Number of protein chains: 2
Amino acid sequence: MEEIRVVQWGLGSMGSGSARMVMQKKGMELVGAIAQTPAKAGRDVGELLGLEKTGVLVSGDPVEVIRRTRPHVVLLSTGSFIKDVFPQIKTVVENRCHCITIAEEMAYPRLQDPVLSGQIDRAARENGVTVLGTGINPGFVLDTLIIVLTGACMDIKKIKASRINDLSPYGPTVMRTQGVGTTPGEFEKGIEDGSIVGHIGFPESIHLIAGALGWEVEKIVQCREPIISAVYRETPHVKVHPGMVAGCNHSAKGYVNGEAVIELQHPQQIHPGSEGVETGDYISIEGTPDIKMEIKPEIPGGIGTIALTVNMIPRVVNAAPGLKTMKDLPLPASVMGDIKGLIEAGTV
Amino acid sequence: MEEIRVVQWGLGSMGSGSARMVMQKKGMELVGAIAQTPAKAGRDVGELLGLEKTGVLVSGDPVEVIRRTRPHVVLLSTGSFIKDVFPQIKTVVENRCHCITIAEEMAYPRLQDPVLSGQIDRAARENGVTVLGTGINPGFVLDTLIIVLTGACMDIKKIKASRINDLSPYGPTVMRTQGVGTTPGEFEKGIEDGSIVGHIGFPESIHLIAGALGWEVEKIVQCREPIISAVYRETPHVKVHPGMVAGCNHSAKGYVNGEAVIELQHPQQIHPGSEGVETGDYISIEGTPDIKMEIKPEIPGGIGTIALTVNMIPRVVNAAPGLKTMKDLPLPASVMGDIKGLIEAGTV
């Protein structure tokens, strides 16, 4: 089998991370890189990523790159919403390349946009390729990992899970969209006008879980509340005085037969430790048996998302054509050996 | 789609549990039950399981039951070793039924017996059916769950995991095979003559993990040590005085490139709490990132094995024909809705 040829589309911090990971793994070759930011175009991608020169120049012209380099897989790390990534996915698929994207809504795209999802699925099947949305959350901690744990249960009454993380390392965009550094009044206004969004992906995670278990979700109720700090907290990008907002406590409940059977919570703030909050990923299944799982500290979001994007390549290459979700594919696994061998071993 | 017709082969405590679970799930029908013990033959299976009468009589004649009831799936809960279950799997497969077995060696059968595994794979493909080995361990805690967690890692240096459980509820056979109630001298002799076996499944788990990651295992070193009790412990089946053996601490290391990169440990004893040992499932991945997972208390082995056997039915029905392992199939998930709907949703 020839090297697996990969194009990275989007060179922000997630896209740069997955491009770097592709370059460091056996059996894969980064054959092209597409930047959204014109300033990056023309630079050597290896240099841009802080590695050796590669001879592969960053381009701003997706169609040209894809047609010239004929990749097996395009990793798409550009936006969060289906509407934004749809034309990009279409370009990838119509050029007969598999597509793995970290767009949050693509974790379960039929929910937000059944029409565009149907078009993606059809185009993928017609072109014999596979499209997958993945990432740490949605895509892993609050859905894939929960689904797998339920596999050891004869019966499930309720699922509660929370991902408690630390926003301190993030930049100004994240501070703004989570409302960090606002007053409670500004936070409320930000939620109303949509400038403070909290976490993107709860409905997707709830539908992934329910779909895997065979539950029909009747409604989803989401709640975004300010985490008001009792102490002074600061990062290079924001200062939070006592009484101000240190983050957004976003939660969602999924109802089945009138009962909230899936409860997910994702409080995101800077310096949670300053008020004794321990970061971690927590899953609690009430059923037969009860299962209580903890991962402390939480799986880091950036590294996790980058890892999943690249680690799912063998699964996507081996999948039947069409639009897939994490629940449809074999277990995610870290690619440690030559990826060509992993793909061959997974071929049926 | 018609009801999924299931035959349960083997009516010990695991087989009885999965038969009961099949009867309680939507879209599945227990159409036959095969006992290894002649005394159970002729009884109504519902009554035998402590449920309503079903009209399905337990039989001692596997071929007759399978040919008459034409099941989609046969759940095989009879033995631990490939050599013992091979003729049974052959009977199932040659009658064009899928087979899910809890035989520990079937979790990764190519390891212990590539010849018989090849025959099973060929027979399954020829007959258009799928064969899977599963269970809590091997099959889930010390392999599937580890593999899934590595999916969020860019790189792995070492995997350590342990499953610390309580043998107190088990009967005399388990006490004997784990050496509970022996003196240290008797324990040593039991290990030598093979009457004390410890855990069955470490090599299988190690190869499942390595296979999923693309590591080549050079050797596996196993170690079985007596857990010598400092206090008095007893169960209805055994008494352990101080200085005697309360259980077997079984561990295994898998080597890749000269280094022990997979270390699994499974100390099994009665009343671990009497010396302050907390039961639980623990996974520690040293890599990028590090991941430390705990499930406390441990997922109960019996319920977990029963649940996985039944929960994997939709995955097995939808799989391509052949001999599969847990790493080859989509995520395990608890069957909560009508299983027919789950199978339809998973059909590509």
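Before any of the text, the structure's been laid out above.
Reading guide: rules and limits
- Residues numbered from 1 in each chain as written.
- Chains lettered and ligands numbered in written order.
- Predicted model: local features only at pLDDT ≥ 70, side-chain atom pairs only at ≥ 80, totals over all residues.
- Heavy atoms only, no water.
- Contact = heavy atoms within 4.5 Å.
- Buried area = accessible area lost by both parts, 1.4 Å probe.
- Salt bridge = Lys/Arg side-chain N within 4 Å of Asp/Glu carboxyl O.
- Polar contact = N/O pair within 3.5 Å; in protein donor to acceptor, adjacent residues only side chain to side chain.
- Helix = DSSP H or I, 4+ residues; strand = E, 2+ residues; numbered from the N terminus.
- Nonpolar A, V, L, I, M, F, W, Y, C, P; charged D, E, K, R; others polar.
- Pairing = 2+ DSSP bridges.
- Buried < 20%, exposed > 50% of the residue type's maximum accessible area, 1.4 Å probe, protein only.
- Right-handed = clockwise from strand over helix to strand, strands pointing away.

Can you lay out the interface of chain A and chain B for me, pointing to particular residues and giving the numbers?
Taken together, the contact between chain A and chain B spans 55 residues of the former and 55 residues of the latter. A combined buried area of about 4200 Å² lies between chain A and chain B, and 69% of that area is made up of carbon and sulfur atoms. For the pair chain A and chain B, the number of links is 0 salt bridges. The interface formed by chain A and chain B includes 17 residue pairs in polar contact (both at pLDDT 80 or more). Put simply, the parts of the chain that give the side of chain A that touches chain B at least two residues each are α7 (144–150), β7 (155–166), α10 (202–213), β14 (291–295) and α11 (301–311) of chain A. When grouped by side-chain class, the residues that make up the side of chain A that touches chain B number 36 nonpolar, 10 polar and 9 charged. Note that β14 of chain A and strand β14 (residues 291–295) of chain B share 3 bridges and pair antiparallel. Directly across from M293 of chain A, in β14 of chain B, lies its bridge partner I295 of chain B.

Give me the pairing of strand β4 (residues 73–76) of chain A: which residues, what numbers.
Put simply, side chains in a regular strand alternate between the two faces of the sheet. Residues and elements named next belong to chain A. Of the two faces of β4, the one holding V73 and L75 and the one holding V74 and L76 are both buried throughout. The pairing of β4 with strand β5 (residues 98–101) spans 4 bridges and is parallel. Its bridge partner lying in β5, L75 is registered against I100. For the segment spanning β4, helix α4 (residues 82–94) and β5, crossover handedness is right-handed.

Lay out the pattern of salt bridges with the relevant residues and their values.
For the coordinates displayed, the defined rule picks out 26 salt bridges over all chains. Note that K90 of chain B is salt-bridged to E94 of chain B, the shortest N-O span being 3.5 Å. One end of the pair is K90 of chain B and the other is E94 of chain B, both in helix α4 (residues 82–94) and 4 residues apart, which spans about a single turn. Overlapping salt bridges, with partners in common, bring together E3, D338 and K340 of chain A in one network.

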